[in-house]
Amino acid sequence: MWVRLPVHLASMQVVVMPTMLLLGTLCSLGDCMTRGERHRLRDQVVEMFDHAYQNYMDHAYPADELMPLTCRGRVRGQEPSRGDVDDALGKFSLTLIDTLDTLVLLNKTVEFEAAVRRVLADVRLDNDIVVSVFETNIRVLGGLLGGHSMAVMLKEGGRHMGWYQDELLHMAKDLGFRLLPAFNTSSGLPYPRVNLRRGVLGPDTRTGTETDTCTACAGTLILEFAALSRFTQDPVFEIHARRAMDFLWEKRQRNSNLVGTTINIHSGEWVRRDSGVGAGIDSYYEYLLKAYILLGDDLYLQRFNIHYASIMKYISQPPLLLDVHIHKPLLPARTWMDSLLAFFPGLQVLKGDIRPAIETHEMLYQVTKKHNFLPEAFTTDFRVHWAQHPLRPEFAESTYFLYKATKDPYYLEAGRSVLDNLNRYARVPCGFAAMKDVRTGSHEDRMDSFFLAEMFKYLFLLFADEEDLPFDVEDYIFTTEAHLLPLSLSTALPAPPPNTTSEEELDHSNSDWTCPNTRLLFPDPAYPRNLRDPIRSAVDKSCPRPSFLREPGLGRAPLRAQDFMANNPEHLELLARMGVSLIHLKDGRVQLVQHAAQAVSAVASEDGVRFMQEMMELSSQQQRDQLPPRAVQIISHPFYGRVVLTAGPAQFGTDLSKSSTGVRGFVVVAEPYSGCGELANAGLVQGRVALLQRGQCMFAEKARHIQRAGALGGIVIDDNEGSSSDTAPLFQMAGDGRSTDDVTLPLLFLFHKEGNILLDALKEYREVEVLLSDKARDRAIFKGEPIPGTLLENSVEQQEEQDCSPEESSASVPAPSSLVDQSHISTVEVDQSTLEETAEAGPEAVPGAERDSEQGEEPEVDLNSNSQSVDALLADWREDLEAFKQMEKDEL
């Protein structure tokens, strides 16, 4: 049935929680999880939270975040800079504040009271430090407000927090005033950064020169700022946040009703015109709907509905969500998706649009199954684009909301997989470590505060019964950081003056005032399964790419990039018609430049855009065609598999991807270290893994020398000081120009930084055992714990699935968003040989392979030199890709 909903507080809970299927019906299909199993998983969530939280308190507090590999706190200025990512850190015990309301939800009232006392005693907000307005708002201001809400609730219950006198709220108001200077712009959009002590403008602020901000950065303030105004009875905060929302709405593209990713805070011009629901925009849409739920203002819902209709028209291609250009929304802006869009199925549940939520969530679930975690970005055929995973909670969030709406036990199993993967692959002795590469299982020394703020809330709620909760969550709205704000705030303060948008501009036909009874809409118990099965099959068979996932509307360009030849006059003429010119660079590469205004027609200009996008993908073929990375896993005491180093493969020798167990052995430094002659310590090398230094001879020659000495395998360490897999593309070792069939052992390549980690371990522990494999193995194997007998077999099967995926490279090059902007110039650089060979079957040699033929005197290895410790090197790991940094910059 359909129910007419008046706009008042009582109706809001009806809007956010539609009911889809009876649990009994689903259980009759044999899919039901027992109550005892749910409780076991609920308790496991609590144990995992305790492991993360206690290690932060023991090893990191009062630092902002825990570094779980080195068991110490991350203090800004004391660790190597990670760029914009560090703008979330303000020397205000970020993780503790971000975790306050999680403690209450997990029934840790005593710990919550102690944590509040610590915050009040230790945390200072007047630090002379530049922070992200966006991150400080959602994490710190939201954390203080969520903590205040919990403290008030507990105090009113009469059993705890009787001493509390709104101290957290006073801190929140202080912080709110420290953020307000960021709004000193003509547009009302805030600067992206602010100095907590000195504001924005002024010679000592070290900020205020920025001109751009992301849409989410400016549009994800209204919940926290409005709550602060309602709590304190001071409207100034809500007025500023509302003005920013109004400005973004006014600057939407009027034909498509979409917003771009980055905007100039002074002029209001869109800097990046690509539009999606992931990084850079995501929580703007979220806060429009949730502002209506929290504040009861119809205008927010009307705006959200108009945006949502455009999202479903242009961006949503179930089960995919693909970015488009705001001015030409039928033209895709890229062929990959980022993991932040995983929140969107949960938002669709709040909207009441269940079917696309099921479809997109299923696609994300299958990608998670394929790679254990959601990669930071993945292609439309579900292959890795950016391989990092910083333990993001968005998939768990959507899983919880879908279970809440449907009671389908399928989502309990999805939640179980999240728990299992976190424990199997991310858990370390000092907490949980972010994944540096989901393909190899290597770690980053990083545990972001949002892991404690969000992940454990949603997982606990997924498995808990109502009687397990200390309060009714239906009385609260979750912010984007999962902080809890009471719905009663809608009556706490009269709304500020109405927004400037006229009612005539709003299309009321998109406004949904009713909530569907989805049980009647979808009476077939097999309905969700029928939606999921084709998507599961598509991901499982993602090579070749399914036809229904090809981007619609692209048409067939007159000249395709794969057919283009730089020495073909006809092709050059076609390029000229599309406004594309060709420039030969001194280093032998060819640069293609598109001047859209020089195309002979608008249609030819669009053809040029498509050609440039295809050429961007073609130019990244070097990375996509590479062999996948390998793993060097230190498995001896005290590492037990916790340290995994990303290694480059060789184009000869043992193919580790076809080995179910890999090659394990103790390491020894070859003498000579270069491995370019007969080994003087052949007796020691026999039966071990030889360590070699790059240089002086071919890689294949090194392999032959250690093979003759009886080595099990070899690891070549780069002699280029400072090189690291963090910043350099994957390195492949080529042969020597003749047959290498005689080489039968595995040879892997480590960059200098990763190699020094291994050398330092050998210096400190003398006997160091490693596993050379295609990907990291379960650590339980190395601790002697019993594991399922099929574990290694499953690992092999997973790799076989991935072997058909040559595109799984973290160095894929995305098409720049500026391609669609007719006022911009698009460029792409490719090798001349690539252009000349694209029309042929392809080069025999794998692009990117390098031969080691440097000349020079043989260096001596000194394992007693003053090299950094293993912990210090681990702490010095940086972000993997500049492109990934840019994505996080957009989000920040």
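Only a predicted model underlies this, so the values are computations on that prediction, with no experimental measurement involved.

Asker: Can you explain the overall build of the protein chain? Please cite residues and give values.
Answerer: When you go through the protein chain residue by residue, the secondary structure sums to 29 helices and 34 strands. By sequence separation, contacts in the protein chain at least 24 residues apart represent 75% of the contacts at least 6 residues apart. Carbon and sulfur atoms make up 49% of the accessible area of the protein chain, which amounts to about 32300 Å² in all.

Asker: Can you break down helix H10 (residues 236–250) residue by residue, with the values?
Answerer: Along its 15 residues, H10 runs 21 Å from first to last C-alpha, staying within 8% of the 21 Å computed at 1.5 Å per residue. Buried within H10 we find Phe237, Glu238, Ala241, Arg242, Ala244, Met245, Asp246, Phe247, Leu248 and Trp249.

Asker: Now, about unusual backbone geometry: what can you tell me, with residues and values included?
Answerer: A negative phi angle is the norm for most residues apart from glycine, just as the trans form is the norm for most peptide bonds. The omega torsion of the bond from Tyr61 to Pro62 falls at 10 degrees, within 30 degrees of zero and hence cis. Note that Pro62 resides in the loop between helix H3 (35–59) and strand E2 (65–67). Of note, the bond from Pro318 into Pro319 is cis; its omega dihedral lies within 30 degrees of zero at 5 degrees. Here Pro319 lies in the loop between strand E10 (316–317) and strand E11 (320–321). One non-glycine residue, Ala482, lies in positive phi territory at about 65 degrees. With respect to the helices and strands, Ala482 occurs in the loop between strand E20 (476–478) and strand E21 (484–486). Accessibility expressed as a relative area gives 0% for Ala482, which makes it buried. With a phi angle near 50 degrees, Tyr640 is a residue other than glycine that sits in the positive phi range. Relative to the assigned elements, Tyr640 resides in the loop between strand E25 (630–634) and strand E26 (643–647).

Asker: Talk me through helix H6 (residues 133–157); I want residue IDs and the actual numbers.
Answerer: In a regular helix each residue adds 1.5 Å, so 25 residues correspond to 36 Å; H6 covers 34 Å between its end C-alpha atoms and thus fits that length. The largest bend along H6 reaches roughly 30 degrees and is located at Gly142. Taken across its 25 residues, H6 has 21 buried, putting it largely inside the fold. The N-cap of H6, judged by a side-chain oxygen 3.3 Å from the amide nitrogen of Phe134 a few residues on, is Ser132.

Asker: How would you sum up the packing of helix H4 (residues 94–105) against helix H5 (residues 109–122)? Please name residues and give values.
Answerer: Axes are the key here: two packed helices are described by the angle between their axes and the distance separating the axes. For the pair H4 and H5, interaxial distance at closest approach is 9 Å and the crossing angle is 155 degrees. Classified by the angle their axes make, H4 and H5 are roughly antiparallel. Crossing handedness for the pair H4 and H5: left-handed. Along its contact with H4, which presents Leu96, Ile97, Leu100, Leu103 and Val104, the element H5 presents Glu111, Phe112, Ala115, Val116, Arg118 and Val119.

Asker: Any chance you could break down the sheet that holds strand E14 (residues 377–379) for me, citing the residues and the numbers?
Answerer: Paired through their backbone hydrogen bonds, the strands of a sheet run either parallel or antiparallel. Read from one edge to the other, the open sheet built from three strands follows the order E13-E14-E15, with strand pairing classed as antiparallel. Unpaired on one side and paired on the other, strand E13 (336–338) and strand E15 (384–386) mark the two borders of the sheet. Neighbour-to-neighbour, the strand axes of the sheet open up by a mean angle of 30 degrees, direction not taken into account. Pairing of E14 with E15 involves two bridges; the strand directions are antiparallel. Paired with Ala377 across the strands is Trp386, a residue of E15.

Asker: How would you summarise the packing of aromatic side chains if you had to cite specific residues and measurements?
Answerer: Counted by the stated rule, this structure contains 28 aromatic pairs. Aromatic side chains Phe225 and Phe237 sit 6.2 Å apart centroid to centroid with 80 degrees between the ring planes, which places their arrangement in the edge-to-face category. Within this pair, whereas Phe225 is found in helix H9 (residues 222–232), its partner Phe237 is found in helix H10, the two being separated by twelve residues in sequence. With centroids separated by 5.1 Å and ring planes inclined at 65 degrees, the aromatic side chains of Phe471 and Tyr476 adopt a geometry described as edge-to-face. On the basis of relative accessibility, which here comes to 13%, the residue Tyr476 falls in the buried class. An aromatic cluster is built from Phe49, Tyr53, Phe432, Phe451 and Phe456, whose rings are joined through pairwise contacts. Here the guanidinium or amino end of Arg252 rests over the ring plane of Trp249, the centre of that ring lying 3.8 Å away.

Asker: Hey, could you go over the pattern of salt bridges for me, with residue numbers and the actual values?
Answerer: For side chains bearing opposite charge, pairing can occur when the charged atoms are close. This structure, assessed with the given rule, holds 49 salt bridges. Residues Glu113 and Arg117 are paired through a salt bridge, measuring 3.8 Å at the closest nitrogen-oxygen approach. Remark: Arg117 and Glu113 occur in helix H5; sequence separation between them is four residues, near one turn of the helix. The buried category is assigned to Glu113, whose relative accessible area is 18%. When its relative accessible area of 44% is taken as the criterion, Arg117 is described as partly exposed. Ionic pairing is found between Asp774 and Arg777, a salt bridge with its closest N-O pair at 2.9 Å.

Asker: Break down the packing of H6 against H9 for me, citing the residues and quoting the values.
Answerer: Between H6 and H9, whose axes approach to 10 Å, the crossing angle comes to 40 degrees. As for how H6 packs across H9, the hand of that crossing is left-handed. Packed against H6, whose contacting residues are Asn137, Ile138, Leu141, Gly142, Leu145, His148 and Ser149, the element H9 presents Glu224, Phe225, Ala227, Leu228 and Phe231 at the interface.

Asker: Explain the state of the cysteines residue by residue, including any values.
Answerer: Within this structure, the stated rule accounts for three disulfides. In this model, Cys214 is linked to Cys217 through a disulfide, with the two sulfur atoms separated by 2.1 Å. The disulfide joining Cys214 to Cys217 has a torsion of about 90 degrees about its S-S bond and is therefore right-handed. As far as burial versus exposure is concerned, Cys214 and Cys217 are alike and both buried. Disulfide pairing places Cys676 opposite Cys697 at an S-S distance of 2.0 Å. One disulfide, between Cys676 and Cys697, carries an S-S torsion of -85 degrees and so falls in the left-handed class. Highlighted residues: Cys676 in the loop between strand E27 (663–669) and helix H23 (682–685) and Cys697 in the loop between strand E28 (689–693) and helix H24 (699–708), separated in sequence by 21 residues. For Cys697, a relative accessible area of 6% translates into the label buried.

Asker: Which residues make up the pairing of strand E29 (residues 713–717), and what are the values?
Answerer: Of all five residues in E29, five are buried; the element is thus mostly enclosed. Residues Gly713, Ile715 and Ile717 line one face of E29 and the alternating positions Gly714 and Val716 line the opposite face, and both faces are buried. Pairing of E28 with E29 involves five bridges; the strand directions are parallel. By the bridge assignment for E29, Leu692 is matched with Val716. Handedness of the crossover is the feature at issue here: the chain leaves E28, passes through H24, returns alongside E29, and the resulting connection is right-handed.

Asker: Give me the environment of Ala482: which residues, what numbers.
Answerer: Considering only alpha carbons, one finds Ala482 and Met455, 27 residues apart in sequence, at a separation of 8.8 Å. Each residue touching Ala482, except ones within four places of it in the same chain, is listed here: Asp101, Ala453, Glu454, Lys457 and Tyr458.

About the cut-offs
Residues numbered from 1 in each chain as written. Predicted model: local features only at pLDDT ≥ 70, side-chain atom pairs only at ≥ 80, totals over all residues. Heavy atoms only, no water. Helix = DSSP H or I, 4+ residues; strand = E, 2+ residues; numbered from the N terminus. Contact = heavy atoms within 4.5 Å. Areas by Shrake-Rupley, 256 points an atom, 1.4 Å probe, with all protein chains shown as cover. Expected span 1.5 Å × (residues − 1). Buried < 20%, exposed > 50% of the residue type's maximum accessible area, 1.4 Å probe, protein only. Bend = angle between axes of the 7 residues up to and from the residue. Polar contact = N/O pair within 3.5 Å; in protein donor to acceptor, adjacent residues only side chain to side chain. Axes fitted to C-alpha atoms, helices over the stretch in contact; angles between N-to-C directions. Parallel < 35°, antiparallel > 145°, perpendicular 65-115°, else oblique. Left-handed = near helix turned anticlockwise from the far one by under 90°. Pairing = 2+ DSSP bridges. Phe/Tyr/Trp six-rings, centres within 6.5 Å; stacked < 30°, edge-to-face > 60°. Lys NZ or Arg CZ within 6 Å of the ring centre and 35° of its normal. Salt bridge = Lys/Arg side-chain N within 4 Å of Asp/Glu carboxyl O. Disulfide = S-S within 2.5 Å. Right-handed = clockwise from strand over helix to strand, strands pointing away.

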